[in-house]
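This is what each chain is made of:
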Amino acid sequence: MNLNIYLISFCISLAFAGTILVLIRKRKLREQYALLWLLMSTVMMVLSLFPSLLDIVAQWIHIYYPPSLLYFLCVVAVLFILLHLTMAVSSLTHRVIILTQTLGLQEQRIKELEALSVQPAQAPSHVQMTEVIR
Amino acid sequence: MSNQAETHNQSLKVLVIVPAYNEAEGIAQVIDQLRRETPYADVLVINDGSSDATSTIARAAGVNVIDLTCNLGIGGAVQTGYRYAAEHHYDYAVQIDGDGQHSPSDLGRLLFAMFDTNADMVIGSRFITKEGFQSTFARKMGIGILSTLLTRLTGRTVTDPTSGYRLCGRRAISLFAREYPTDYPEVEALMLLYNRELSFAEIPVVMHERQGGVSSISSLKSVYYMSKVILSVLLMKTMKRKAWENRYES
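Residues numbered from 1 in each chain as written. Chains lettered and ligands numbered in written order. Predicted model: local features only at pLDDT ≥ 70, side-chain atom pairs only at ≥ 80, totals over all residues. Heavy atoms only, no water.

Caption draft 1: Here's a closer look at the overall build of chain A. In terms of regular secondary structure, chain A is built from five helices and zero strands. Mapped in sequence order, the helices and strands of chain A form the string α-α-α-α-α. Counted over contacts in chain A with a minimum sequence separation of 6, partners at least 24 positions apart contribute 45%. When the accessible area of chain A is evaluated, it comes to approximately 10500 Å², of which 72% is carbon and sulfur surface. (Helix = DSSP H or I, 4+ residues; strand = E, 2+ residues; numbered from the N terminus. Contact = heavy atoms within 4.5 Å. Areas by Shrake-Rupley, 256 points an atom, 1.4 Å probe, with all protein chains shown as cover.)

Here's what the structure looks like:
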């Protein structure tokens, strides 16, 4: 069995896909983010098993130097994953803002209610009670 | 004139939203001023994750304080106030900065303008009569560009799109409680009103130089500020105009 770059890259892609699956099982990676990664490692595996695919596709779209197609695909994939991450961060930011606001509003409401429940014992006067309720 | 405003307001609930980020130096004075000049309004300080004593000082002054656990920026802080106003069924909510730039004595005139014009939001502009603190040259240029842009896009004259001194009626409160831009929100909020077919008007006010703290816009950030605001305003213009239905339950 001769050790060549195709075999090495296949092993790396396989290890990569395995790592992702393990991470999902351990709940360290959410499926929604993992799908893109899995897709990428599958493509990597297919390309390292059948390197001639790259030549065929390159010929189709008139790329004279097939390895540059590989670089092109890599850059596009990385760009998409980065965009996906930025979108995820934006949506997280939005959620954190809403959560922080809600937390602040609730805390304020709790303080108000606590003040209300303490007040009657200290100040049972009718006038002050209506003041508090108003 | 202000007496009449007060009697008029007895049945109406007015909330003063004071966003404050590290304003310990000036906040007591602002609250004190509000107490004296607008006794008819409830004051709500939004402490936007300050690292100084802003919250303690405001609480000691006897007003409602909402503490945000982390710093959200002016937009997120002010929106908390609008959410509070919507939940507690306020008729009017006015935003007054915690650094003493806006004088509470103008609030009566803002309310009057709101009754007169029936607008959904009234903005206090420092550039109509050009009195008081007029900001620096560079900043005025930036504001000039933005006001020209806004006037063109909305078809209404806007002289001070960055003014934070603004009074909202119920419809605007319910809209802002639902959606409000996060950082540097003033200009975008105008576009939001325009997109949702709510109206706004401007009246002249006098602004002061800030009493403490640092402006949220430093010179380094101003390039980011201008590009971000112009980009999002232009993008918002491409959205379809859709009337805002008031989902204010009362």
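So much for the structure itself; the text now carries on.
Caption draft 2: Highlighting helix 4 (residues 74-87) of chain B. Residues and elements named next belong to chain B. The first and last C-alpha atoms of helix 4 sit 20 Å apart over 14 residues, in line with the 20 Å expected at 1.5 Å per residue. Extensive coverage of helix 4 is indicated by the burial of 12 of its 14 residues. When we look at burial in helix 4, the residues that qualify are Gly75, Gly76, Ala77, Val78, Gln79, Thr80, Gly81, Tyr82, Arg83, Tyr84, Ala85 and Ala86. One or two residues past the end of helix 4 sits His89, with phi positive at roughly 55 degrees. (Expected span 1.5 Å × (residues − 1). Buried < 20%, exposed > 50% of the residue type's maximum accessible area, 1.4 Å probe, protein only.)

Caption draft 3: Representation of the confidence of the model for chain A within the structure. Residues and elements named next belong to chain A. Taken as a whole, chain A shows an average pLDDT of 84; of its residues, 87% reach a score of 70 or greater. Averaged pLDDT values over the elements of chain A bottom out at 48 in helix 5 (residues 126-133) and peak at 90 in helix 1 (residues 5-25). Here residues 123-132 is a poorly scored stretch, pLDDT under 50, and it has six contacts once near neighbours within four places are set aside; other chains count. (pLDDT = per-residue confidence, 0-100.)

Caption draft 4: Quick peek at the interface of chain A and chain B. Across the contact, 13 residues belong to chain A and 17 residues belong to chain B. In total, about 1300 Å² of surface goes out of reach between chain A and chain B, with carbon and sulfur atoms giving 55% of it. A per-residue breakdown of the area chain A buries against chain B is headed by Gln101, Leu105 and Gln108 of chain A, which together make up 44% of the total. Here chain A is connected to chain B by six residue pairs in polar contact (both at pLDDT 80 or more). Looking at the side of chain A that touches chain B residue by residue, the class counts come to four nonpolar, five polar and four charged. (Buried area = accessible area lost by both parts, 1.4 Å probe. Polar contact = N/O pair within 3.5 Å; in protein donor to acceptor, adjacent residues only side chain to side chain. Nonpolar A, V, L, I, M, F, W, Y, C, P; charged D, E, K, R; others polar.)

Caption draft 5: Structural context of a nonpolar patch on the surface. Residues and elements named next belong to chain A. Taken together, the side chains of Val46, Leu49, Phe50, Leu53, Ile56, Trp60 and Ile61 make up a nonpolar region of the molecular surface, amounting to roughly 700 Å² of accessible area. Its place among the elements puts Val46 in helix 2 (residues 31-49). When its relative accessible area of 35% is taken as the criterion, Val46 is described as partly exposed. (Patch = residues over 30% accessible without salt bridge, like charges linked within 9 Å, V, L, I, M, F, W, Y side chains within 5 Å. Salt bridge = Lys/Arg side-chain N within 4 Å of Asp/Glu carboxyl O.)

Caption draft 6: The arrangement of the sheet that holds strand 3 (residues 64-67) of chain B in detail. Residue and element names in this part refer to chain B. The sheet built from seven strands is open, its strands ordered 3-2-1-4-6-5-7 with mixed pairing. Bordering the open sheet on either side are strand 3 and strand 7 (200-204), each of which pairs with just one other strand. For this sheet, the mean inter-axis angle between neighbouring strands, taken without regard to orientation, is 20 degrees. Pairing between strand 5 (residues 121-125) and strand 7: five bridges, direction parallel. The residue bridging Met121 from the neighbouring strand is Phe200, located in strand 7. (Pairing = 2+ DSSP bridges. Axes fitted to C-alpha atoms, helices over the stretch in contact; angles between N-to-C directions.)

Caption draft 7: Region of interest: the nonpolar core. All names here are of chain B. Counting residues in hydrophobic clusters, the biggest one holds 47 residues, and the most contacted among them are Tyr82, Met121, Phe176, Leu193 and Val233. Considering each element in turn, this core owes the most residues, seven residues, to helix 8 (residues 186-195). With residues near it in sequence (within four places) discarded, Tyr82 still touches Ile17, Ala93, Gln95, Cys168, Ile173, Phe176, Ala177 and Tyr180. (Core = buried A, V, L, I, M, F, W, Y, C linked by side-chain atoms within 4.5 Å.)

Caption draft 8: Geometry of the packing of helix 8 of chain B against helix 9 (residues 219-237) of chain B. Residue and element names in this part refer to chain B. Where helix 8 meets helix 9, the axes come as close as 9 Å, and the angle between the chain directions of the two elements is 5 degrees. The angle between helix 8 and helix 9 places the two elements in the roughly parallel class. On helix 9, the residues that touch Val187, Glu188, Met191, Leu192, Tyr194 and Asn195 of helix 8 are Tyr225, Lys228, Val229, Ser232, Val233, Met236 and Lys237. Here the contact of helix 8 with helix 9 is built from residues that sort into eight nonpolar, two polar and three charged. (Parallel < 35°, antiparallel > 145°, perpendicular 65-115°, else oblique.)

Caption draft 9: Structural view of the packing of helix 1 of chain A against helix 2 of chain A. All names here are of chain A. Contact pair helix 1 / helix 2: the axes reach a minimum separation of 8 Å and the direction vectors enclose 160 degrees. Classed by the angle they form, the pair helix 1 and helix 2 counts as roughly antiparallel. Here helix 1 and helix 2 pass one another in a crossing that is left-handed. Counting all contacts with helix 1, which are made through Tyr6, Ser9, Phe10, Ser13, Leu14, Phe16, Ala17, Ile20, Leu21 and Ile24, the residues of helix 2 involved are Glu31, Ala34, Trp37, Leu38, Ser41, Met44, Met45, Ser48 and Leu49. Classifying every residue of the contact of helix 1 with helix 2 gives 14 nonpolar, four polar and one charged. (Left-handed = near helix turned anticlockwise from the far one by under 90°.)

Caption draft 10: Representation of the environment of Gly26 of chain B. All names here are of chain B. On the secondary structure map, Gly26 appears in helix 2 (residues 24-37). Judged by relative accessible area, Gly26 falls into the buried class, the value being 4%. Sequence separation between Gly26 and Ile46 is 20 residues, and the spatial gap between their C-alpha atoms is 14 Å.

Caption draft 11: Up close: the packing of aromatic side chains. Residue and element names in this part refer to chain B. Inspection of the entire model under this criterion finds nine aromatic pairs over all chains. Members of the aromatic cluster, each reached through a chain of ring pairs, are Tyr82, Phe176 and Tyr180. Over the aromatic face of Tyr90 sits the side chain of Lys13, whose NZ or CZ is 4.7 Å from the ring centroid. The positively charged end of Arg241 is found above the aromatic ring belonging to Tyr194, 3.9 Å away from the centroid. (Phe/Tyr/Trp six-rings, centres within 6.5 Å; stacked < 30°, edge-to-face > 60°. Lys NZ or Arg CZ within 6 Å of the ring centre and 35° of its normal.)

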